[in-house]
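Summary of the model geometry
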Amino acid sequence: MNYRSTRNSALNVTSAHAITKGLSDEGGLYVPESIPQLSKDEILAMCDMSYADRAFEVFSRLLTDFTADEIRHCVDSAYNDKNFDSNNIAELAKLIPGTYVLELWHGPTCAFKDMALQILPYLLTTSAKKTVDGKQIAILVATSGDTGKAALEGFKDVDGTSISVFYPEDGVSKMQKRQMTTQEGKNVNVCAVKGNFDDCQNGVKAIFTDKAIADRLAKNNILLSSANSINWGRLAPQIVYYVSTYAELLKNKEIEYGEKINVVVPTGNFGNILAAYYAKLMGIPVNKLICASNSNNVLTDFINTGVYDRNRKFYTTVSPSMDILISSNLERLLYHLSGDNDAVINDWFGKLKTDGRYEISADVKTKIGELFWAGCCSDAETKAEIKSTFENYNYLLDTHTAVAVKVYEDYKKATGDDTKTVIASTANPYKFSGAVYEAIGGTPVEDEWKNIAELEAKTGTKMRSAIAFDSRPSSSSCVSVSSPSKYFIIRSSSASATSSHRWSWASSAWARYSSGISDSTASAPLQWRAFMRTRSMMPSKSSPSPQGRVTAPRRVPKRSCSRSIVVAKLASERDRRFTNTARAR
């Protein structure tokens, strides 16, 4: 089975090519040309399988250019008790009769992204050997919080790769930020962006579709790839846990074969809920896909009206991994529902880029309404749900899962539907300890570790050791020359097209540097060229920065130090003069 691009249906590539590339040259996302089916007997047979064996069955149908031995190596290397604290990999907790919480956060970074990002390095390196053997893979990742740490953890010290993660500086939790900026590994880079997640994502996409950058990288034997869910190698593993969950419900006699279930997903970039849609297409009996959003409710409005409009206020919420206004994976769904019509996709997403909005056709809107239900809730409602669920069921929710539970309750009230339902739980509550502690009646403080201690005492629960290992600060806060993450801040003032272009230029220069290109670039400011030429992270004090100045290095924990750290503040108001100023100097 081969894969097409959502923006070029004539393109036909293997799964290995799709995984290695991440994004097609014209900016489209790779999708399977057909959907393999799971029969009743095959689904029933999975009841007695381990999670790794279930993953093997799913991948054998989706990655047909992989050998059985290659798939077995990937699944066994990823899904084991070394990487996950549960033999089941994903746990299924019964909240109340007929309502189940699918705990996807038992991996090394305590977030659902581990389910895909523990196996992606194996899928990617296997794919690269088939398609671009001998090339260095430079992985670019935009994150709203959880993807960044999970990708860094998955790819740290993987031979033949380097990884650069871009996150919104003020758009992630303290715990998420500390997890990323204290990441160990000789091939990891972390960059904080003065902007929101959409700025990060737009910038990364712009790098992927920049032919000049691709040509320069090719000359240096480097290929770009992605660990975001725009990469099919990230999305395919997410299908596995919905297939596995249905098999687990059958095994536990919670349902009979053929009985439909609802799936509720706290949604940002639309990848997680899209995976449930693909599981449905493969034969898993799914009744309704319930899309839960926070105050950034662009998806709720879209599903209910057929109009996607990102021209709205952006909210920084207590569920930061959902603070997104451009949901990339929606493109894959619309491609399928429009009959694989790449012309329509190019039209709609061209309008999104230029106007910030598009409206889908009536027939596609009808299909979405048959498949999906959407709702949203505020931060106050999210915290109230955490408190209510803990008091009523003695179950502690994180801020994202609480959004899903609240929206599901709204769905039941609106529809009266009593179909058995699985709610995707995407993070350990201790990753957002301040907000969770406040929700159950505590008064959070700036010190995250005090919040954690108080949350443990108040709830009788315990923080997982994985969070403690990644995030606990050291008694020393000096910067040395052995820090793990190359760490920058790039300024971007808003999610507008102007700031996206601005950010994408700066990030592309940084990506060229971090990927190892050593020759100078005429279009790059002197400061960036110095970074690329010398591979030194600390610029000379006498050398002017691209916009404004380079501030003193941040104080970070000593245990996080493996290379020097620099914070480059780029003043956005002068970026139009980047090139000319640099050349004049």
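Here's what I pulled together on the structure shown here. Worth saying up front: this structure is predicted, and the values here are computed from it rather than measured. Residue numbers restart at each chain and count upward from 1, following the sequence in its written direction. Where totals are concerned, whole chains, interfaces and linings use all residues; where local detail is concerned, this predicted model gives features only for residues with pLDDT of at least 70, and gives and counts side-chain atom pairs only at 80 or more. Side-chain measures here rest on the full set of heavy atoms in the structure, leaving out hydrogens and waters.

**A closer look at the sheet that holds strand E4 (residues 91–96)**
- Pairing is mixed across the open sheet formed by six strands, whose spatial order is E4-E5-E15-E10-E11-E14. A single partner strand is all that each edge strand has here, and the edge strands are E4 and strand E14 (372–376). Between one strand axis and the next, the sheet turns by 25 degrees as a mean value, whatever way the strands run.
- The pairing of strand E11 (residues 286–293) with E14 spans five bridges and is parallel. Paired strands are those between which DSSP finds at least two bridges. A run of H or I in DSSP becomes a helix once it reaches four residues, and a run of E becomes a strand once it reaches two; helices and strands are each numbered from the N terminus. Between the N-to-C directions of two axes lies an angle of 0 to 180 degrees, each axis being a line fitted to C-alpha atoms and, for a helix, fitted only over the stretch in contact.

**Focus: the packing of helix H14 (residues 330–337) against helix H15 (residues 342–355)**
- Put simply, H14 and H15 touch, their axes get as near as 9 Å, and they point 140 degrees apart. When the axis of H14 is compared with that of H15, the two are oblique. Crossing geometry of H14 relative to H15 is assigned as right-handed. Contact with H14, carried on its side by Leu330, Glu331, Leu334 and Tyr335, involves Asp342, Ile345, Trp348 and Phe349 of H15 and no other residues of that element.
- The residue classification treats Ala, Val, Leu, Ile, Met, Phe, Trp, Tyr, Cys and Pro as nonpolar and Asp, Glu, Lys and Arg as charged. All others, Gly included, are polar. In the contact of H14 with H15, the residues fall into six nonpolar, no polar and two charged. Geometric relationships in this document are graded by angle, where less than 35 degrees denotes roughly parallel, more than 145 denotes roughly antiparallel, 65 to 115 denotes roughly perpendicular, and other angles denote oblique. Here a crossing is called left-handed whenever its near helix is offset anticlockwise from the far helix by less than a right angle, and right-handed whenever the offset is clockwise. The contact criterion used is simple: two residues touch if any of their non-hydrogen atoms lie within 4.5 Å.

**Comments concerning helix H13 (residues 298–305)**
- All buried positions along H13 are accounted for by Val298, Leu299, Thr300, Phe302 and Ile303.
- Looking at the buried side of H13, the elements it contacts are E11, strand E12 (307–309), H14, strand E13 (357–359), helix H16 (362–371) and E14.
- At the exit of H13 stands Gly306, carrying a positive phi of roughly 85 degrees. Throughout this description, buried means an accessible area under 20% of the type-specific maximum (1.4 Å probe, protein chains only), exposed means over 50%, and partly exposed covers the range between.

**What to know about the pattern of salt bridges**
- Any carboxyl oxygen of Asp or Glu within 4 Å of a side-chain nitrogen of Lys or Arg constitutes a salt bridge here. What the rule picks out here adds up to 24 salt bridges.
- With a shortest N-O distance of 2.9 Å, Arg61 and Glu42 are connected by a salt bridge. Remark: Glu42 occurs in helix H2 (residues 40–45) and Arg61 occurs in helix H3 (residues 51–62); sequence separation between them is 19 residues.
- By relative accessible area, Arg61 is classed as buried at 18%.
- Here Glu153 ties to Lys149 by a salt bridge, and the two come within 3.4 Å at their closest N and O atoms. With Glu153 and Lys149 both in helix H7 (residues 146–155) and four residues apart, this pair spans about one turn of that helix. The pair formed by Glu153 and Lys149 is uniform in burial state, with each residue classed as buried.
- Taken together, the shared-partner salt bridges connect Glu42, Glu57 and Arg61 into one network.

**Considering the nonpolar core**
- For the purposes of this section, nonpolar cores are sets of buried Ala, Val, Leu, Ile, Met, Phe, Trp, Tyr and Cys residues that join through side-chain atoms within 4.5 Å. Residues Leu62, Tyr79, Ile239, Tyr242, Leu334 and Tyr358 are the most contacted members of the largest nonpolar core, which totals 112 residues.
- Sort the elements by how many residues they give to this core and helix H11 (residues 232–251) lands first, with twelve residues.
- Ignoring sequence-local partners within four residues, the contact set of Tyr358 consists of Phe302, Gly306, Val307, Tyr308, Leu330, Leu334, Trp348, Phe349, Lys351 and Leu352.

**Some thoughts on H16**
- Of all the positions in H16, only Val364, Ile368 and Leu371 are classed as buried. Within H16, the buried residues cover an arc of 65 degrees as seen down the axis, which keeps them to one side. Across from the buried face of H16, at angles greater than 90 degrees, the exposed residues are Ala362 and Glu370.
- In the core, the buried residues of H16 are packed alongside helix H12 (271–282), E11, H13, H14, H15 and E14. By definition, the arc is the one covered by directions from the helix axis to the C-beta atoms.

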